[in-house]
Amino acid sequence: MFEIRVICAPTEAPEIAKALSQTFTTGAVRQHPTRDGDRVRLYVTAEQQPNHWPAPETAYATAPSIISEIGWTYRGARDCLHGVQVREFWLRKAAVLDRIALTDDDPTGGDAGSLAVAAARRLMEIDYAAGLGPSGYVDGPYAPGHPDSIREPRGYVRQEYAMWNRHS
């Protein structure tokens, strides 16, 4: 647990408090004027929100082998104009890159991790542009524009892959 202090214009205080509560688990926001009286000080006790993403083992439990998915994405890229859905292509590509990155010595900062994040962000752009609700499926908790999705794009891919796999 930690405390956050923000100094801002009084008109900005509600929006800042809202943003903090979306990013962290927060207590009550305490507000006090600054000495000059032109701004306010916000104090809030916060803690990191728990990770709500499906574990990779859960999200990819019934996924085809990595080799099989690499073959599928190759064919999907080749056939993209011939019936393969763009969202499915990016979802499966992001998922296989995430799975490859998980086997890397540096699963977040290495080349594979960087590629997995880039593919995840592309999927999120597609979903956001399509105006998908909380997720590509009705029961998903995090939309592509949610702060947790933006902060953890690979978690968003796991959420979407797990739901896609259940519905396909």
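Refer to the structure above for everything that follows.
Being a predicted model, the structure only gives us computed values, none of them experimental.

Picture the strands of a sheet paired through backbone hydrogen bonds; they go either parallel or antiparallel. Spatially, the three strands line up as an open sheet ordered β1-β3-β2, and their pairing is antiparallel. The sheet terminates laterally at β1 (2-8) and β2 (24-33), the two strands that pair on one side only. Shown here is a sheet whose adjacent strand axes are inclined to one another by a mean of 20°, direction ignored. One ladder, built from seven bridges, connects β1 with strand β3 (residues 40-48); its direction is antiparallel. In the strand pairing of β3, I7 is matched with R41. In the packing of helix α1 (residues 13-23) onto the sheet, contacts are made with β1, β2 and β3, and the angle to β2 comes to roughly 160°.

When the charged atoms of two side chains lie near each other, side chains of opposite charge can form a pair. Summed over all chains, the structure comprises ten salt bridges. Notably, a salt bridge pairs R87 with D127, separated by 2.6 Å at the nearest N-O pair. Within this pair, whereas R87 is found in helix α4 (residues 86-102), its partner D127 is found in helix α5 (residues 111-129), the two being separated by 40 residues in sequence. The residue E88 makes a salt bridge to R92 at a minimum N-O spacing of 3.2 Å. With E88 and R92 both in helix α4 and four residues apart, this pair spans about one turn of that helix. Residue classification places E88 among the partly exposed residues on the basis of a relative accessible area of 24%. One network of salt bridges, with partners in common, ties together E69, E88 and R92.

Rules used throughout
Residues numbered from 1 in each chain as written. Predicted model: local features only at pLDDT ≥ 70, side-chain atom pairs only at ≥ 80, totals over all residues. Heavy atoms only, no water. Pairing = 2+ DSSP bridges. Helix = DSSP H or I, 4+ residues; strand = E, 2+ residues; numbered from the N terminus. Axes fitted to C-alpha atoms, helices over the stretch in contact; angles between N-to-C directions. Contact = heavy atoms within 4.5 Å. Salt bridge = Lys/Arg side-chain N within 4 Å of Asp/Glu carboxyl O. Buried < 20%, exposed > 50% of the residue type's maximum accessible area, 1.4 Å probe, protein only.

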